[in-house]
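Notes for the structure review
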Amino acid sequence: MTASPVVQDTHSKTMGYLLWIFGFLGAHRFYYGKPVTGTIWLFTFGLLGIGWLIDLFLIPAMDREADFRFREGPINYSLSWILLTFLGVFGVHRMYMGKWLTGLIYLCTGGLFFIGVLYDFWTLNEQISQEQAR
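Residues numbered from 1 in each chain as written. Predicted model: local features only at pLDDT ≥ 70, side-chain atom pairs only at ≥ 80, totals over all residues. Heavy atoms only, no water.

Thoughts on the pattern of salt bridges
This model, assessed by the stated rule, comprises seven salt bridges. The shortest N-O distance in the salt bridge between Glu-126 and Arg-69 comes to 3.5 Å. You can see Glu-126 sitting in helix 8 (residues 115–133) and its partner Arg-69 sitting in helix 4 (residues 50–69), a full 57 residues away along the chain. By relative accessible area, Arg-69 is classed as partly exposed at 39%. Each of Lys-34, Glu-65, Arg-69 and Glu-126 takes part in salt bridges that share partners, so that together they form one network. (Salt bridge = Lys/Arg side-chain N within 4 Å of Asp/Glu carboxyl O. Helix = DSSP H or I, 4+ residues; strand = E, 2+ residues; numbered from the N terminus. Buried < 20%, exposed > 50% of the residue type's maximum accessible area, 1.4 Å probe, protein only.)

Here's the deal with helix 4
For helix 4, spanning 20 residues, the distance from its first C-alpha to its last is 27 Å, which sits close to the expected 28 Å at 1.5 Å a residue. At Phe-57, helix 4 is bent by approximately 60°, the largest bend along its length, and proline Pro-60 sits one to four residues beyond. Buried within helix 4 we find Gly-51, Asp-55, Ile-59, Met-62, Asp-63, Ala-66 and Asp-67. Buried residues in helix 4 make contact with helix 1 (13–20), helix 2 (27–31) and helix 3 (35–48). (Expected span 1.5 Å × (residues − 1). Bend = angle between axes of the 7 residues up to and from the residue. Contact = heavy atoms within 4.5 Å.)

As for the UniProt feature "transmembrane region" (unreviewed entry) in the protein chain
According to UniProt, the positions carrying the feature "transmembrane region" (unreviewed entry) are residues 15–32, 39–62, 74–92 and 104–122. For residues 15–32, the helix share is 61%, the strand share is 0%, and the end-to-end C-alpha distance is 10 Å. Summarising residues 104–122: 95% helix, 0% strand, and an end-to-end C-alpha distance of 20 Å. (UniProt positions renumbered as here; feature names shortened; annotations may be inferred.)

What follows is the structure in structure tokens.
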């Protein structure tokens, strides 16, 4: 008799579907830790809307995969993504994760002239997962 692995609920389907509304810009794909396809969706408007519509049915699978990939802990992934999406240039998401120095740098430089914000869209899930491991 083998025990099934404990599934953590690190990401929210509700948040995934809310971000899917803006999915033609790749928001939900970045949230679920798929930065390459998120970038493709961003530059092609969700593969001209076709990929965006297909993703409506793929979100539950992307959510399960993210729950297996990323580590649960005190930092909430959904809240971090909301802070990054709407306040990223002010570094609020970094301050929330306890990275006060880089948060202040983002605050003074507009998210390192927006390049840092783009970097965080690519790596936020991994950054949170590393912080959770500490």
